[in-house]
Amino acid sequence: MRIVVLAGGIGGARFLRGLKKAAPEAEITVIGNTADDIHLFGLKVCPDLDTVMYTLGGGINEEQGWGRSEETFRVKEELAAYGVGPDWFGLGDRDFATHIVRTQMLGAGFPLSAVTEALCDRWQPGVRLIPMTDDRVETHVAVELDGERRAVHFQEYWVRLRASKPALAVVPVGAEQAKPAPGVLEALAEADVVLLPPSNPVVSVGTILAVPGIREAVAGAAAPVVGLSPIVGDAPVRGMADKVLAAVGVESSAAAVAEHYGHRGAAAPQGDTEGPEKAGLLDGWLVDTVDAGLVERVESAGIRCRAVPLLMSDLDATARMATEALALAEEVRG
Ligand code: GDP
Ligand code: CA
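Conventions and cut-offs
- Residues numbered from 1 in each chain as written.
- Chains lettered and ligands numbered in written order.
- Predicted model: local features only at pLDDT ≥ 70, side-chain atom pairs only at ≥ 80, totals over all residues.
- Heavy atoms only, no water.
- Phe/Tyr/Trp six-rings, centres within 6.5 Å; stacked < 30°, edge-to-face > 60°.
- Helix = DSSP H or I, 4+ residues; strand = E, 2+ residues; numbered from the N terminus.
- Buried < 20%, exposed > 50% of the residue type's maximum accessible area, 1.4 Å probe, protein only.
- Lys NZ or Arg CZ within 6 Å of the ring centre and 35° of its normal.
- Core = buried A, V, L, I, M, F, W, Y, C linked by side-chain atoms within 4.5 Å.
- Domains from an automatic or database assignment.
- Near = heavy atom within 4 Å.
- Polar contact = N/O pair within 3.5 Å; in protein donor to acceptor, adjacent residues only side chain to side chain.
- Areas by Shrake-Rupley, 256 points an atom, 1.4 Å probe, with all protein chains shown as cover.
- Nonpolar A, V, L, I, M, F, W, Y, C, P; charged D, E, K, R; others polar.
- Pairing = 2+ DSSP bridges.
- Axes fitted to C-alpha atoms, helices over the stretch in contact; angles between N-to-C directions.
- Contact = heavy atoms within 4.5 Å.

(A) The arrangement of the packing of aromatic side chains in detail. Scanning the model with the defined rule gives 5 aromatic pairs in all. Where F41 meets F96, the ring centres are 6.0 Å apart and the plane angle is 50°; that geometry is what we call tilted. With F41 in the loop between β3 (38–40) and β4 (43–45) and F96 in helix α4 (residues 93–107), the pair connects residues that are 55 residues apart, well separated along the chain. Judged by centre distance (6.2 Å) and plane angle (80°), the rings of W88 and F89 are edge-to-face. Judged by its relative accessible area of 10%, F89 is buried. Geometry around Y54 places R68 over its ring, the cationic atom sitting 5.6 Å from the centre.

So this is what it looks like as structure tokens:
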């Protein structure tokens, strides 16, 4: 079975670990978000690709969910001693090596997709990890700072400002001109199942879908498309996804996120007021058991919906989520 997953960082990576356990024989292709990428100290940093690679390859800091295990911060301290910032982005010594290798290969002319493949040679994540695009895309967030509207890099909004100010707009700069990386559209066309993990619907999955061609390929895939809600109750399980959902006019609930993705076959998902009409994506949607009351609302939008436990508290619980998602995919395949 060929499974394609559109993944952000922590939520995507943890789900993938469960999926690998639930479907050990499956051929899994991960289309990774690169709109979080940032240039720091002359290096190209790809936080979401690395989170997936380290998590599946056994190199992740488990408690934190990102960055390397057994990390030290000597380089960062030395940079600070030179007064060279930013100091708000945590790059450890082991992690630095990844960014150095990546930047060196990009400088030698390799596209990001080839570089990612080379990095994965070491980590053996057990999935095929492809960046959404080889082109540069950077999410910017419009915020009001000192009475003025300003656009800041997503990482500055998320990590430095801790999403403490309302996001007025979220713009994946460069996405419109970007092309899907080699293999992305082919993987979607050949998939048996497409899964949207509990990743951030705006700044992880949303930015992947913003690359022209990808949303259309998901909507047009022969395979069933099933998603899992990152919102449990009225809040994201982890992080601040509600802040960026508000920016696109979507309430923080499992049902609203499903409506935002939209039902396959439907023209325009709700919550999006800007841009051309977009194709709906979902055949099926999983909400947590605490949100069982929302099942009817999601189904009335034409999306098959089930309420199952959606907390990735350990590997077994996560594998059960993946099993439920695959079962729902079979059900909607009809
Ligand atoms: P990021 O790039 O590191 O922010 O990670 P993702 O975009 O892949 O995932 C972030 C989302 O994962 C957040 O919106 C969380 O609500 C969601 N998330 C994290 N842990 C869980 C969990 O155990 N269950 C569910 N359903 N969602 C989760
Ligand atoms: Ca991310």
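(B) Local environment of the nonpolar core. Core analysis: the largest hydrophobic core is formed by 59 residues, its most contacted members being L6, Y157, L188, V218, Y261 and W285. In terms of residue count, helix α11 (residues 254–261) provides more of this core than any other element does, 6 residues in total. Viewed by domain, this core spans two of them, domain 1 (2–134 + 176–333) and domain 2 (138–175), each represented by three or more residues. Grouped together as the second largest cluster of nonpolar side chains are 40 residues, L56, W123, V127 and L310 included.

(C) Expanded view of unusual backbone geometry. Note that the residue after G85, namely P86, is joined by a cis bond; omega there is 5°. Mapped onto the elements, P86 comes out in the loop between α3 (74–81) and α4. A positive phi angle is found at Q124, which is not glycine, with a value near 45°. Relative to the assigned elements, Q124 resides in the loop between α5 (112–123) and β5 (128–131). Using a relative accessible area of 56% as the deciding quantity, one classes Q124 as exposed. Positive phi outside glycine occurs at D146, with the angle close to 50°. With respect to the helices and strands, D146 occurs in the loop between β6 (138–145) and β7 (148–153).

(D) Examining the site of ligand 1 more closely. Taken together, 20 residues lie near ligand 1, and P198, S199, S204, L310 and M312 sit nearest. At 2.6 Å, a side-chain N or O of S204 approaches an oxygen atom of ligand 1. Protein chains shield 90% of the accessible area of ligand 1, which is 590 Å² for the free molecule. Considering every element that reaches the shell around ligand 1, the biggest residue donor is helix α1 (residues 10–22), with 3 residues. Looking at the shell around ligand 1 residue by residue, the class counts come to 10 nonpolar, 8 polar and 2 charged.

(E) Seen up close, the sheet that holds strand β1 (residues 2–7). With parallel pairing, 7 strands are arranged side by side in an open sheet as β5-β2-β1-β9-β10-β13-β14. Each end of this open sheet is capped by a strand with a single partner; those strands are β5 and β14 (304–307). Pairs of neighbouring strands in the sheet enclose a mean axial angle of 20°, with direction left out of account. Note: strand β2 (residues 27–32) against β5, 4 bridges, orientation parallel. If you follow V30 over to β5, its bridge partner there is L129. Of the strands in this sheet, β1, β2, β9 (193–196) and β10 (225–228) touch α1, which is tilted by about 165° from β1.

(F) View of the pairing of β7. Here β6 pairs with β7 via 6 bridges, running antiparallel. For V141, the partnering residue across the bridge sits in β7 and is V152. Between β6 and β7, which pair antiparallel and follow one another directly, the connecting turn spans 2 residues, one of which, D146, has a positive phi of 50°.

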